[in-house]
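Structural description and commentary
Here is what each chain is made of, one letter per residue.
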Amino acid sequence: GSIVNISSVAANGMRNRIPYSSSKSAIIGFTKSLALDHAEENIRVNCICPAYIPTKLVQGYLNNLSKSKYKDLVNRHPMKRLGEPIDVANATLFFLSDKSKWITGNILYVDGGYNIN
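Notes on the structure in this doc start here. (Residues numbered from 1 in each chain as written. Predicted model: local features only at pLDDT ≥ 70, side-chain atom pairs only at ≥ 80, totals over all residues. Heavy atoms only, no water.)

Points about the nonpolar core
Core analysis: the largest hydrophobic core is formed by 12 residues, namely V9, A10, M14, A51, Y52, V58, L62, L65, L73, V74, L82 and Y114. Elements that contribute at least two residues to this core include exactly α2 (56-63) and α3 (67-75). Those residues in contact with L62 that sit more than four places away from it in its chain are P54, Y70, L73 and L82. One finds V4, V88, A91 and V110 within the second-largest nonpolar core, a separate group that totals seven residues. (Core = buried A, V, L, I, M, F, W, Y, C linked by side-chain atoms within 4.5 Å. Buried < 20%, exposed > 50% of the residue type's maximum accessible area, 1.4 Å probe, protein only. Helix = DSSP H or I, 4+ residues; strand = E, 2+ residues; numbered from the N terminus. Contact = heavy atoms within 4.5 Å.)

In structure tokens, the structure reads:
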């Protein structure tokens with residue numbers, strides 16, 4: 001089996017977002033512990049950490065940004081664009097497929113390079 005948890009680049013810490021960042025960081029610890037607990041049962045557990053993706057949840061936040069703040073946000077991603085839901089879907093499909101059958105306890109940043117800034 002395969003379990004895929006979704007966290008966020010916020011797990012690395014974000015200014016003025018202590019509760020959110022703490023909860024996303026907890027998902028990473030949960031993923032690694034669960035992977036260790038179930039590895040011998042051949043159950044893989046991995047985690048995806050996306051950056052800003054304009055989903056229904058995020059779109060309200062994005063809509064309230066000024067044009068310059070929106071541009072700054074986009075520019076924080078080295079690929080100079082926001083992600084798309086399909087980017088997270090494809091990463092999830094990879095973890096669920098046999099192509100990742102020897103991968104467990106890993107964290108995959110789907111973020112256009114946001115976490116390396």
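On we go.
Re the sheet that holds strand β2 (residues 44-50)
Taken in spatial order, the three strands make up an open sheet running β1-β2-β3, and their pairing is parallel. Pairing within the sheet leaves two strands with one partner each, and these edge strands are β1 (2-6) and β3 (107-110). For this sheet, the mean angle separating the axes of adjacent strands, direction not counted, is 25°. The pairing of β1 with β2 spans five bridges and is classified as parallel. Paired with I3 across the bridge in β2 is V45. Contacts from helix α4 (residues 85-96) reach β1, β2 and β3 within the one sheet, and its direction differs from that of β2 by about 165°. (Pairing = 2+ DSSP bridges. Axes fitted to C-alpha atoms, helices over the stretch in contact; angles between N-to-C directions.)

So, the pattern of salt bridges
A full pass over the atoms with the stated rule returns one salt bridge. D87 is paired through a salt bridge with R81; the nearest N and O atoms lie 3.8 Å apart. Classification of R81 as partly exposed rests on a relative accessible area of 38%. (Salt bridge = Lys/Arg side-chain N within 4 Å of Asp/Glu carboxyl O.)

A look at unusual backbone geometry
Among all residues except glycine, the phi angle is most often negative; among peptide bonds, the trans geometry is most common. The phi dihedral of N42 is positive, around 65°, even though this residue is not glycine. With respect to the helices and strands, N42 occurs in the loop between α1 (18-38) and β2.

Describing the packing of aromatic side chains
Going through the model one piece at a time under the given rule, you end up with three aromatic pairs. With centroids separated by 6.2 Å and ring planes inclined at 20°, the aromatic side chains of Y52 and Y61 adopt a geometry described as stacked. A relative accessible area of 34% places Y61 in the partly exposed class. The interplanar angle of 65° and the centroid separation of 6.0 Å between the aromatic rings of Y52 and Y114 together place this pair among those described as edge-to-face. Remark: Y114 occurs in the segment after β3 and Y52 occurs in the loop between β2 and α2; sequence separation between them is 62 residues. On the basis of relative accessible area, Y52 is assigned to the buried category, the value being 12%. One aromatic cluster is present, formed by Y52, Y61 and Y114 through successive ring pairs. (Phe/Tyr/Trp six-rings, centres within 6.5 Å; stacked < 30°, edge-to-face > 60°.)

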